[in-house]
Amino acid sequence: MRRRQLVKALPFSIAGGFLGAVTTEAQEQRRALTPDRYDDFAIWLDAARESALELIAISGADDTERFMQFLALWTTAMPEIPEPEWQEIAGANARLDAATVSLGRPFVVTALRFASGCVLPAHCHPGGGGVSLCTNGSLSIRHFDLLEGSADFSETGSVAEVEAVSTTLLRSRQFTEFTPTRANLHELEAGPGGATVVDVIVQWRRAGEFSFLKFQGGPSVTRDSVGRRRSGTWVGMDISRAYASAA
Ligand SMILES: [Fe+2]
């Protein structure tokens, strides 16, 4: 009997959920929290901020996982950003530019533009969560957890141990995300055609400080499989000090 039920249920499992009409009052109320379709970045930004502030008013933002899920949903609806004022980050292994797209509450939008093969070494976002959306080209992004007992990022020169928790190849319109306590470190490497990444970032505490982590034992970018543990040294905010030398 049970087997028969499972077999009968299978086609529905394959087909996925049925998208019926939204009719209940609770769903009506939630409609304001979910994104529409947007062609204009400024309109998307206003709607996303208003919605995020409404979510905070309803249930707060203490649940960092839930808040980042919410922001990921909105980030997938983000239209093309207006051309920002790029500033070169000196010391990178290839041309790397950064830009502030929008400051404000409860999230900021920033962007990075990578030349082909450019690597942004592993770094942390203390007290922050973020969604990284590839908007042009392709890149690899590898996230790490800082292992318990490791030195704090502020202890420049100290050794920290991390574990690779994901390795993702992103193309345009694909994203990854992290929270203050999960996958908070990441490194990025642009593909052969370069890449642009737009970050939507929330700070729960201590904004504006971070550190690169220089891995020991040679370049990490082609080596880290999920679960692999590595040691590195916190080197502060100067990118030129963060590139690992060959073993
Ligand atoms: Fe980052």
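This is a predicted model, so every value here is computed, not measured.

In terms of regular secondary structure, the chain is built from four helices and 10 strands. Evaluated residue by residue, the chain yields a buried proportion of 42% over its 247 residues. In the chain, the proportion of contacts linking residues at least 24 apart, taken out of those at least 6 apart, comes to 76%. A total accessible area of about 13,600 Å² is found for the chain, and carbon and sulfur atoms account for 51% of it.

Attention shifts here to the coordination of the iron ion. The iron ion binds to the protein through His123 (NE2), His125 (NE2) and His186 (NE2); the donor distances cover 2.1 Å. Sequence spacing among the residues donating to the iron ion works out to H-x1-H-x60-H. Taken together, the residues span a long stretch of sequence, with histidine 123 in strand β4 (residues 119-123) and histidine 186 in strand β8 (residues 185-203) at a distance of 63 residues. In this structure, histidine 123 and histidine 186 share a single accessibility class: buried.

Here the largest pocket is characterised by a volume of approximately 790 Å³. Lining the largest pocket are 28 residues, with Thr110, Leu112, His125, Asp199 and Phe210 sitting closest to its centre. The element that contributes the greatest number of residues to the lining of the largest pocket is β8, accounting for five residues. In terms of residue class, the lining of the largest pocket is built from 17 nonpolar, eight polar and three charged. Considering only enclosed or pocket space, the second largest pocket measures out at about 250 Å³ in volume. Looking at the second largest pocket, it is lined by 18 residues, and the ones nearest its centre are Pro126, Leu146, Pro180, Asn184 and Arg205. If you tally residues by element for the lining of the second largest pocket, the top one is strand β5 (residues 128-146), at three residues. Looking at side-chain class alone, the lining of the second largest pocket contains nine nonpolar, four polar and five charged residues.

Right, let's talk about the pairing of β5 for a bit. In this structure, β5 lies alongside β8, joined through 15 bridges in antiparallel fashion. Note that in β8 the partner of glycine 128 across the bridge is glutamine 203. Pairing between β5 and strand β7 (residues 175-178): four bridges, direction antiparallel. For valine 131, the partnering residue across the bridge sits in β7 and is glutamate 177.

For the rest of this paragraph, the subject is the packing of aromatic side chains. Considering all chains together, one arrives at seven aromatic pairs under this definition. Ring plane angle 80° and centroid distance 5.3 Å describe the contact between phenylalanine 210 and phenylalanine 212, whose orientation is recorded as edge-to-face. The partly exposed category is assigned to phenylalanine 210, whose relative accessible area is 25%. The buried category is assigned to phenylalanine 212, whose relative accessible area is 5%. Here the aromatic cluster, defined as three or more aromatic residues joined through ring pairs, consists of Phe41, Trp44 and Phe107. Between arginine 49 and the ring centre of phenylalanine 107, over which it is positioned, the NZ or CZ distance is 4.9 Å. Here the basic side chain of arginine 230 rests over the ring of phenylalanine 215, its NZ or CZ set 4.8 Å away from the ring centre.

Another aspect to go through is the side chain of serine 138. Looking at where serine 138 falls in the secondary structure, it is placed in strand β5. For serine 138, the contacting residues outside a window of four places in its chain are Leu170, Arg171, Ala190, Gly191, Pro192, Gly194 and Ala195.

Attention now goes to the nonpolar core. One broad rule of soluble globular proteins: the nonpolar side chains tend to lie buried together. Membership of the largest hydrophobic core comes to 29 residues, with the highest contact counts inside it found for Phe41, Trp44, Leu71, Met78, Phe107 and Val109. Residue assignment for this core shows that the elements contributing at least two residues are α3 (41-59), α4 (64-76), β2 (96-102), β3 (108-114), β5 and β8. Setting aside anything within four residues of it in sequence, one finds valine 109 in contact with Phe41, Leu45, Met78, Thr100, Val101, Ser102, Val198, Asp199 and Val200. Core analysis: the next-biggest nonpolar cluster, separate from the first, contains 18 residues, Ala92, Phe114, Leu170 and Ala195 among them.

Moving on, we come to α3. Its 19 residues place the ends of α3 27 Å apart at the C-alpha level, agreeing with the 27 Å of an ideal helix rising 1.5 Å per residue. Here α3 has its buried residues at Phe41, Trp44, Leu45, Ala48, Arg49, Ser51, Ala52 and Leu55. Taken down its axis, α3 places every buried residue within 170° of arc, on the same side. Summarising the geometry of α3, the exposed residues directed more than 90 degrees from the buried face are Ile43, Asp46, Glu50, Ala57 and Ile58. Against the buried residues of α3 lie α4, β2 and β3. Its side-chain oxygen 2.9 Å from the backbone nitrogen of alanine 42, aspartate 40 forms the N-cap of α3. Phi turns positive one or two residues past the end of α3, at glycine 60, with a value near 75°.

Calculation criteria
- Residues numbered from 1 in each chain as written.
- Predicted model: local features only at pLDDT ≥ 70, side-chain atom pairs only at ≥ 80, totals over all residues.
- Heavy atoms only, no water.
- Helix = DSSP H or I, 4+ residues; strand = E, 2+ residues; numbered from the N terminus.
- Buried < 20%, exposed > 50% of the residue type's maximum accessible area, 1.4 Å probe, protein only.
- Contact = heavy atoms within 4.5 Å.
- Areas by Shrake-Rupley, 256 points an atom, 1.4 Å probe, with all protein chains shown as cover.
- Donors = N, O, S within 2.8 Å, 3.2 Å for Na, K, Ca; no water.
- 1 Å grid on protein atoms, 1.4 Å probe; cavity = no way out; pocket = protein on both sides within 12 Å on 5 of 7 lines; lining within 4 Å.
- Points joined across faces, edges and corners; volume = space filled by probe spheres on them.
- Nonpolar A, V, L, I, M, F, W, Y, C, P; charged D, E, K, R; others polar.
- Pairing = 2+ DSSP bridges.
- Phe/Tyr/Trp six-rings, centres within 6.5 Å; stacked < 30°, edge-to-face > 60°.
- Lys NZ or Arg CZ within 6 Å of the ring centre and 35° of its normal.
- Core = buried A, V, L, I, M, F, W, Y, C linked by side-chain atoms within 4.5 Å.
- Expected span 1.5 Å × (residues − 1).
- Arc of directions from axis to C-beta.
- Polar contact = N/O pair within 3.5 Å; in protein donor to acceptor, adjacent residues only side chain to side chain.

Keep in mind that these numbers describe shape and distance, not what the molecule does.
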